[in-house]
Amino acid sequence: MKIRWRLRMAAAQREVWTGTELRRLLAEKAGLELSSASVSALFTKEPSQVKMTTLAALCTALECTPNDLIEVDTTPVERPVAPPRPVTDLPQAASARGRSMPPL
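Now for a description of the structure that goes with this document. Since this is a predicted model, take the numbers as computed values, not measurements.

## Describing the nonpolar core
Stage number 1. Grouped together as the largest cluster of nonpolar side chains are 20 residues, with contacts concentrated most on Leu7, Leu22, Leu26, Leu58, Leu62 and Leu69.
Stage number 2. For this core, the elements supplying multiple residues, two or more each, are helix H1 (7-13), helix H2 (19-30), helix H3 (36-44) and helix H4 (52-62).
Stage number 3. When residues no more than four places from it in sequence are discounted, the contact partners of Leu62 are Leu7, Ala11, Arg14, Val16, Leu22, Leu25 and Leu69.

See the structure below:
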């Protein structure tokens, strides 16, 4: 599965070209005050996590949906076939009657 952050593309499609413009829209339309550094990081990097309130504010400010901001590829990842592990001998029971734990 791959996830792509598409904020820059969504903003450009709405003619928002800079972090400063996005920061102003977030404050005016969504009431979210973010630092310049935070907006710049959202605009230029793929975040490892995004708060739901921030995602909602971005959608409000840009008049878009989360699908416009996040692209999720749900194609299953193929894993190489692992060779089977050899079966080891099981340990012998602790008592002659075959119990390994005392009765309850």
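On we go.
## Looking at a nonpolar patch on the surface
Stage number 1. Taken together, the side chains of Met1, Ile3 and Val72 define a hydrophobic patch exposed on the protein surface, amounting to about 300 Å² of accessible area.
Stage number 2. Looking at the element boundaries, Met1 is found in the segment before strand S1 (2-5).
Stage number 3. A residue is classified by how much of its surface remains accessible, and Met1, at 60% relative accessible area, is exposed.

## Brief notes about H2
Stage number 1. Between its first and last C-alpha, H2 extends 15 Å over 12 residues, near the 16 Å set by a 1.5 Å rise per residue.
Stage number 2. Among the residues of H2, Leu22, Leu25 and Leu26 are the ones counted as buried. Buried residues of H2, viewed axially, fall in a sector of 105°; they line one side. Of the residues in H2, the exposed ones pointing more than 90 degrees away from the buried face are Thr20 and Glu28.
Stage number 3. Its buried side turned inward, H2 meets H1, H3 and H4.
Stage number 4. Gly31 occupies a position one or two residues after H2 and carries a positive phi of about 70°.

Thresholds, definitions, all that
- Residues numbered from 1 in each chain as written.
- Predicted model: local features only at pLDDT ≥ 70, side-chain atom pairs only at ≥ 80, totals over all residues.
- Heavy atoms only, no water.
- Core = buried A, V, L, I, M, F, W, Y, C linked by side-chain atoms within 4.5 Å.
- Buried < 20%, exposed > 50% of the residue type's maximum accessible area, 1.4 Å probe, protein only.
- Helix = DSSP H or I, 4+ residues; strand = E, 2+ residues; numbered from the N terminus.
- Contact = heavy atoms within 4.5 Å.
- Patch = residues over 30% accessible without salt bridge, like charges linked within 9 Å, V, L, I, M, F, W, Y side chains within 5 Å.
- Areas by Shrake-Rupley, 256 points an atom, 1.4 Å probe, with all protein chains shown as cover.
- Salt bridge = Lys/Arg side-chain N within 4 Å of Asp/Glu carboxyl O.
- Expected span 1.5 Å × (residues − 1).
- Arc of directions from axis to C-beta.

Interpretation in functional terms is not warranted from these geometric data alone.
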